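# Structure at a glance
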Amino acid sequence: MIAAREDARRLRLQQAEDAEGENKEHHPLDHVMEEAKLEQQRRENPSMNWVSRRYRMQNNTSSNDAASSSDINTNYYAKRRKRFHQQKELMGLGGNAVPSLFKLCINYLVNNFEHVESLGVVDHSIRRALCERLVAQGKMNGAAFDVLAELGVETLELVDCAQVTQDQFCDAIKVLLPMGLRAILLQHCGRCFGSQAVKAIEEIKSEEMQLFALSLGGAYLLTDDDVSRFISATSRTLTSIDLTACPLIGPNLKLKAIEAVDDEVVAIILNSIDEGSLEGIDLSSNTQLTDEVLSSIRRIGTNLRSLQLSGLRNLSAIALEAFFTPIDDMTSPPMLRKLDLSQCSYDEINDAVVTQAAKASSFRSLADAVNDEVVASSINPENLVSEITNSLGLVHVNVSGSSISDKTMEMLAATSKSSLEELDIGFCANVSDKGLGYLVSKVGRQLSKIHVWGCAQITEDFLDGHDRIEEGGLEVVGCWMKKSGGRSLR
C-alpha cells in the first residue's frame, strides 16, 4: 500500500511537471539559468553530490562488462535475502557455523540441568553462559537459580530474574554475602530486588561485607530511599553502582501513555524537582500535552540528555524551535544525546526543528553559534564543523513519521559525526538515497543501525551503494523485503 501511494505521488508530480512545461514559454537562456540554480543548490546541499557506490563501480567497469552489469538491476529479492544473511553473519548471528566444544558442553549441561546439584569451582564466564542458555530455553527457574547462586560464588550474574522471587533472592544473599560475594549483576531483575532485598543487605555485618559492585536493570520495585539505604550499608566496600531502567529512581522521569496526564500535571511534578537534576524525560503517548509542557521542561532541563516526546501530536514547530534556541534570561537549551520525536504531527517535525536540536546538542558555544552567520539556515552544513564539539552530539535519533528531508541528514552529518549510533526515519518520504548515502559517508563507524520502514523511495542506489556495504557493521532495518522502485513483496 505504501509503495502504491508512492507510485501515485510520483505519477502526479510527473504529470504536473509535463503540463507546466507545455504551457510555459521557453527562453534561450532557460537552460543556463536552470544549471546555475542547480549548481547553487549543490553548494548549499552537499548530499546532492553523493553518488552511489554501485554507479561508481559501474563507471570503473569497461564496456565489455555491460552484460554482467545489467544483472545488478535484476532479481532484487535474492539480493536482499543475501544481504540480510550477510548482516546476520557479520553480527555473529549466522546459523551455519559448527558449534565449538564450549557450546556443546554448555548445551549438554543445560539439557540435563535438572540433574545438576552443584557446578563446583568454575569460572564466572561459564556460569554466565549457562544462565544465558537456560533463559533461552525457558529453564531459568527457582531450582536453576539455586545451582547458579551456590555457596562460594564471588560474582552473581543473571541475565533474567523473572522467575526468581524476592524471598528466594533474599535467602540467597543472606548466605552468599558473608561468604565472599563481591559483585551482584542482575538484568531484568524485576521483583527480585526491592526493599526486602535491601533490608537483607542491611542486616549483614559491616566487617563481613565485601560487595564492591552492583548493577541492576529493570528493578521496578527499587526506590530512591532503597538506594540510599543500600549505599549506606555498603559504603565501606562499594566502588561501582549501575542502575538501568529502574522507573522509581531519578534522575529519569517517565510518564508514558497515562490518560490523565496534561500540561498542568507535568508542570507540578517538574516544579517539585531541583533544577538540573533530571537527565531523562519520557512523556510519550500522552495525547493531552501541548506546547506548554515544553516551557516546563526548559525551566528545569539544563542537564537533560534524553527527551522522548513520541506521539505528542499537539506540539508545534514554532514551540519546538524555541525550545532548542538560546533565549536571554532563560536557561540554556538541553544538549541531548537521545531525541525521540516520532509519530508527532507530520508537518510540525521538520528540518528546522531537528536542525535546532542538533545544533543545541553539539556546539561548543551555542549562544555564539546561533548569533553567527555561520549557522544561517541556508548555509552549507559542512561549514559548521569548526563549531562542533566532537565529544557531544546526538546519539539516538527517532523522527519517524515526520516531514524531514535530506537537509536533516546533512545537519546530522555535520553536528553528530562522531556520536550518532542509531537513526529511525521510518515513513519519512522526503529523505532520498542521496541524503542517506551522504550521511553514511560522513558519519563515523559508530553508526550501527538505520530504520527505513515505510520508505518506498529508498532504492538500490543506497541499499547496495552506501560506503559501508562491504565492511558490514551497519544494519539497515526495514528494507530487505522491499523491491527497488517502490514495489513491495508483501
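See the structure printed just above.
Structure report, in brief. (Residues numbered from 1 in each chain as written. Predicted model: local features only at pLDDT ≥ 70, side-chain atom pairs only at ≥ 80, totals over all residues. Heavy atoms only, no water.)

What follows covers unusual backbone geometry. In this structure, His188 takes a positive phi of about 50° despite not being glycine. Position of His188 among the secondary structure elements: in the loop between strand E2 (183–186) and helix H10 (195–202). With a phi close to 60°, Phe427 is a non-glycine residue in the positive phi region. In this structure, Phe427 sits in the loop between strand E10 (422–424) and helix H18 (433–442). (Helix = DSSP H or I, 4+ residues; strand = E, 2+ residues; numbered from the N terminus.)

So, about the layout of surface pockets. Looking at the largest pocket, its volume works out to about 570 Å³. Lining the largest pocket are 20 residues, with Ala245, Cys246, Asn252, Gly280 and Gln308 positioned closest to its centre. Those elements that place two or more of their residues in the lining of the largest pocket are strand E4 (240–244), strand E5 (252–254), strand E6 (280–282) and strand E7 (306–308). Along the lines of polarity and charge, the residues of the lining of the largest pocket split into eight nonpolar, six polar and six charged. (1 Å grid on protein atoms, 1.4 Å probe; cavity = no way out; pocket = protein on both sides within 12 Å on 5 of 7 lines; lining within 4 Å. Points joined across faces, edges and corners; volume = space filled by probe spheres on them. Nonpolar A, V, L, I, M, F, W, Y, C, P; charged D, E, K, R; others polar.)

Ring pairs (aromatic) are described by centroid distance and by the angle formed between their planes. Enumeration according to the criterion identifies four aromatic pairs in this entry. Consider the rings of Phe145 and Phe169, whose centres lie 6.4 Å apart with planes at 40°: the pair is tilted. Highlighted residues: Phe145 in helix H8 (residues 142–148) and Phe169 in helix H9 (residues 166–176), separated in sequence by 24 residues. Residue Phe169 is classed as buried on the basis of its relative accessible area, which comes to 0%. What links up through ring pairs into an aromatic cluster is the set Phe145, Phe169, Phe193 and Phe230. (Phe/Tyr/Trp six-rings, centres within 6.5 Å; stacked < 30°, edge-to-face > 60°. Buried < 20%, exposed > 50% of the residue type's maximum accessible area, 1.4 Å probe, protein only.)

Helical geometry note: an α-helix holds 3.6 residues per turn, so side chains three or four residues apart project in the same direction. By the burial criterion, the buried members of helix H12 (residues 263–271) are Asp263, Val266, Ala267 and Leu270. Along the axis of H12, the buried positions cluster into a sector of 100°, meaning they face one direction only. In H12, the exposed residues that point more than 90 degrees away from the buried face are Glu264 and Ile268. Elements in contact with the buried residues of H12: E5, E6 and helix H13 (292–300). (Arc of directions from axis to C-beta. Contact = heavy atoms within 4.5 Å.)

Strand order in this open sheet of four strands is E1-E2-E3-E4, and the pairing throughout is parallel. Two strands bound the open sheet, and with one partner strand each, they are strand E1 (155–158) and E4. This sheet shows a mean twist of 5° between the axes of neighbouring strands, independent of strand direction. (Pairing = 2+ DSSP bridges. Axes fitted to C-alpha atoms, helices over the stretch in contact; angles between N-to-C directions.)

With that settled, consider the sheet that holds E7. Strand order in the open sheet formed by eight strands is E5-E6-E7-E8-E9-E10-E11-E12, with parallel pairing between adjacent strands. Because the sheet does not close on itself, it has two edges, and the strands there are E5 and strand E12 (475–477). Averaged over all adjacent pairs, the angle separating strand axes in this sheet is 5°, with direction ignored. Where E7 lies against strand E8 (residues 338–340), three bridges are found, and the strand directions are parallel. What sits directly across from Leu307, in E8, is Leu339.

Spatial relationships are all this shows, so hold off on functional conclusions.
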